[in-house]
Amino acid sequence: LTWRAAALKDAGVDYSKEAAMAKLCASEAATFCGHQAIQVLGGMGFVSDMPAERHYRDARITEIYEGTSEIQHVVIANKLLREDIAYANPAPPTKHTH
């Protein structure tokens, strides 16, 4: 997803949907992995000396910092709706005058 967003940006086209999808996917995956690490470690997972606690905290902040996951969902939904509307209502062909 990140590579696609970067390629679209390099091509000079709108990449906001793909960027939001990449951020949402990465932040949720990181949070899930951090949570699972704490689950495996049990009570020791919450000790601040353990890397799992720091990784979870850092991953969790990615869902909040620079736009919450909910905002990313809204951005993606708006872009999908606009694409659907544009697909359902194509622009009429232009008339050529000679």
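Provided above is the structure to which this section pertains.
Position labels on residues start from 1 in each chain and follow its written sequence. With the structure being a predicted model, the display of local features is reserved for residues of pLDDT at least 70 and the display and counting of side-chain atom pairs for 80 or more, all residues being used for whole-chain, interface and lining totals. Remark: hydrogens and water are excluded; side-chain values derive from all non-hydrogen atoms of the structure.

Undergrad: Break down helix α4 (residues 69-88) for me, citing the residues and quoting the values.
TA: Every helix listed is a DSSP run of H or I at least four residues long, and every strand listed is a run of E at least two residues long, numbered separately from the N terminus. Take the number of residues in a helix, subtract one, and multiply by 1.5 Å to get its expected span. Between the first and last C-alpha of α4 there are 28 Å, a value that for 20 residues agrees with the 28 Å anticipated at 1.5 Å per step. Taken together, the buried positions of α4 are occupied by Ser 69, Gln 72, Ile 76 and Lys 79. Looking straight down α4, one finds its buried side chains confined to an arc of 95°; they lie on one side. Turned more than 90 degrees off the buried face of α4, the exposed positions are Glu 70, Leu 81, Arg 82, Ile 85 and Ala 88. Against α2 (16-41) lie the buried residues of α4. Relative accessible area decides the class of each residue, using a 1.4 Å probe on protein chains only: under 20% of the type maximum gives buried, over 50% gives exposed, and in between gives partly exposed. Relevant arc is that of directions from the helix axis to the C-beta atoms, nothing else. Here a residue-residue contact requires only that any non-hydrogen atoms of the pair lie within 4.5 Å.

Undergrad: Can you tell me about a nonpolar patch on the surface, naming the residues and giving the values?
TA: The patches reported here contain residues having more than 30% relative accessible area and no salt bridge. Joining distances are 9 Å for like charges and 5 Å for nonpolar side chains (Val, Leu, Ile, Met, Phe, Trp, Tyr). Here, Shrake-Rupley sampling with a 1.4 Å probe gives the accessible areas, and only protein chains in the shown set may cover a residue. A pair is scored as a salt bridge if a Lys or Arg side-chain nitrogen falls within 4 Å of a carboxyl oxygen belonging to Asp or Glu. Taken together, Val 40, Leu 41, Met 44 and Val 47 make up a surface patch of nonpolar side chains, about 350 Å² in accessible area. Along the polypeptide, Val 47 turns up in the loop between α2 and α3 (51-62). Owing to a relative accessible area of 31%, Val 47 belongs among the partly exposed residues under this scheme.

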